[in-house]
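# Remarks on the overall topology
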Amino acid sequence: MKLLVAVKRVIDYNVKVRVKADRSDVDLANVKMALNPFCEIAVEEAVRLKEQGVASEVVVVSIGGKACQEQLRTALALGADRAIQVEAPDSPDALSVARILAKIAETEQPGLILLGKQAIDSDNNQTGQMLAALLNRPQATFASEVKVEGEHLLVTREVDGGLQTLKLTLPAVVTTDLRLNEPRYASLPNIMKAKKKPLEVKTAEDLGVTVGSKIRLLGVEPPAERSAGIKVGSVAELVEKLRNEAKVIA
Ligand code: AMP
């Protein structure tokens, strides 16, 4: 079985995000970028399925400018076999991404497509669901455990009040949640090997998809500044401040 994993380049989760001076968008100048954490979990799961002998090949795909090749190389260093970059303007909307992924799936015919449950930049949580709908394939979102059983996939999901297990018929689409696995670190030899793994570049036009956006970003506001905290010297002082300054106790 071939596995297809969609990976997105996003601002590294350790970076404090800045807003552009004109508030038109987030400032990406000189900002450290990384593989979206949920995509990293999807790559890890795919590589584990290959190591278990369940999958034969792991193909990673990213849609965006040339810079996303960096994240594809990271995925190759983590164990993916081959990569596809689909050249498209940065930040295509979820439907355009899903349409491109659907076209790739038509040619690659993967038994399972893995995506992150959401990209931490836009927090859309849409692409996997749209892709499953476009391909008319069964889907399980927010997976915390994935097991292949012959022609089927057992997926455990964390839902309000407990765990839900779904049985899907392959081929299917799965989106990954945080507790699915703990991704490995890429070793130096694997980073070197990843440089030689195949990375194919296509354009959205090659795939017959017009990248557009039905959503217009009107503006971005940074969170309100918090005033600095203070240390109090005693419980009595704390109570005094809570009563007379914060006025949260009587
Ligand atoms: P979203 O629906 O934007 O929150 O993204 C959910 C998942 O869709 C991500 O974790 C990726 O697996 C995939 N995805 C979204 N945008 C892209 C992109 N530009 N290239 C590749 N995969 C993407």
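Scope of this entry: the structure provided in the associated data block.

Cut-offs and rules
Residues numbered from 1 in each chain as written. Predicted model: local features only at pLDDT ≥ 70, side-chain atom pairs only at ≥ 80, totals over all residues. Heavy atoms only, no water. Helix = DSSP H or I, 4+ residues; strand = E, 2+ residues; numbered from the N terminus. Contact = heavy atoms within 4.5 Å. Lys, Arg positive; Asp, Glu negative; His and termini not counted. Charge placed at Lys NZ, Arg CZ, Asp CG, Glu CD. Buried < 20%, exposed > 50% of the residue type's maximum accessible area, 1.4 Å probe, protein only. Arc of directions from axis to C-beta. Axes fitted to C-alpha atoms, helices over the stretch in contact; angles between N-to-C directions. Parallel < 35°, antiparallel > 145°, perpendicular 65-115°, else oblique. Left-handed = near helix turned anticlockwise from the far one by under 90°. Near = heavy atom within 4 Å. Polar contact = N/O pair within 3.5 Å; in protein donor to acceptor, adjacent residues only side chain to side chain. Areas by Shrake-Rupley, 256 points an atom, 1.4 Å probe, with all protein chains shown as cover. Nonpolar A, V, L, I, M, F, W, Y, C, P; charged D, E, K, R; others polar. Core = buried A, V, L, I, M, F, W, Y, C linked by side-chain atoms within 4.5 Å. Salt bridge = Lys/Arg side-chain N within 4 Å of Asp/Glu carboxyl O.

## Some details on the overall build of the chain
Summing up its helical and strand segments, the chain has 6 helices and 11 strands in all. In terms of principal-axis extent, the alpha carbons of the chain reach across some 70 × 45 × 40 Å. Within the chain, contacts between residues at least 6 apart in sequence are counted, and of these 69% link residues at least 24 apart. Charge separation in the chain, taken as the distance between the mean sites of 34 positive and 33 negative side-chain charges, equals 2 Å.

## Re helix 4 (residues 127-135)
The complete set of buried residues in helix 4 reads T127, G128, L131, A132 and L135. On an axial view of helix 4, the arc spanned by its buried residues comes to 130 degrees, and they lie on one face. Against helix 3 (94-108), strand 6 (112-116), strand 7 (139-149) and strand 10 (172-176) lie the buried residues of helix 4. Directly after helix 4, the chain includes N136, whose backbone phi takes a positive value near 55 degrees.

## Some points on the packing of helix 3 against helix 4
Interaxial distance between helix 3 and helix 4 falls to 9 Å at its minimum, and their mutual angle equals 50 degrees. In this view, helix 3 runs oblique relative to helix 4, as classed from their interaxial angle. Between helix 3 and helix 4 lies a crossing whose hand is right-handed. Here A94, L95, V97, A98, R99, L101, A102 and A105 of helix 3 come into contact with helix 4, specifically with T127, M130, L131, L134 and L135.

## Brief notes about the site of the ligand
Taken together, 18 residues surround the ligand, and among them A6, A119, N125, Q126 and T127 come closest. In the environment of the ligand, an oxygen atom lies 3.1 Å from a nitrogen or oxygen atom belonging to the side chain of N36. Take N124: an N or O atom from its main chain is 3.3 Å from an oxygen atom of the ligand. For the ligand, whose unbound accessible area comes to 480 Å², protein coverage reaches 98%. If you tally residues by element for the shell around the ligand, the top one is strand 4 (residues 57-64), at 3 residues. Residues that form the shell around the ligand fall into these classes: 8 nonpolar, 9 polar and 1 charged.

## Quick look at the nonpolar core
Counting residues in each nonpolar core, the largest one holds 35 residues, and the members touching the most others are V5, V7, V43, V60, L112, L153 and V174. Within the residue set of this core, elements represented by two or more residues are strand 1 (2-6), helix 1 (37-51), strand 4, helix 2 (69-77), strand 6, strand 7, strand 8 (152-159) and strand 10. For this core, the element with the most residues is helix 1, which contributes 8 residues. With residues up to four places along the chain from it excluded, the contact list for V5 reads C39, A42, V43, A46, V58, V59, V60, V61 and L114. Residues V61, A98, I104 and L207 belong to the second largest nonpolar core, which totals 24 residues.

## Regarding the pattern of salt bridges
What the rule picks out here adds up to 17 salt bridges. One salt bridge connects D121 with K8, and the closest N-O pair in it is separated by 3.0 Å. Of the two residues, D121 sits in the loop between strand 6 and helix 4 while K8 sits in the loop between strand 1 and strand 2 (9-11), which places them 113 residues apart along the sequence. For R48, the salt bridge identified is with E44, shortest N-O distance 2.7 Å. One end of the pair, R48, and the other, E44, are both in helix 1, 4 residues apart, so they sit about a helical turn from each other. Residue classification places R48 among the partly exposed positions, given a relative accessible area of 29%. By sharing partners, the salt bridges in this structure join K2, E57, R82 and E108 into a single network.

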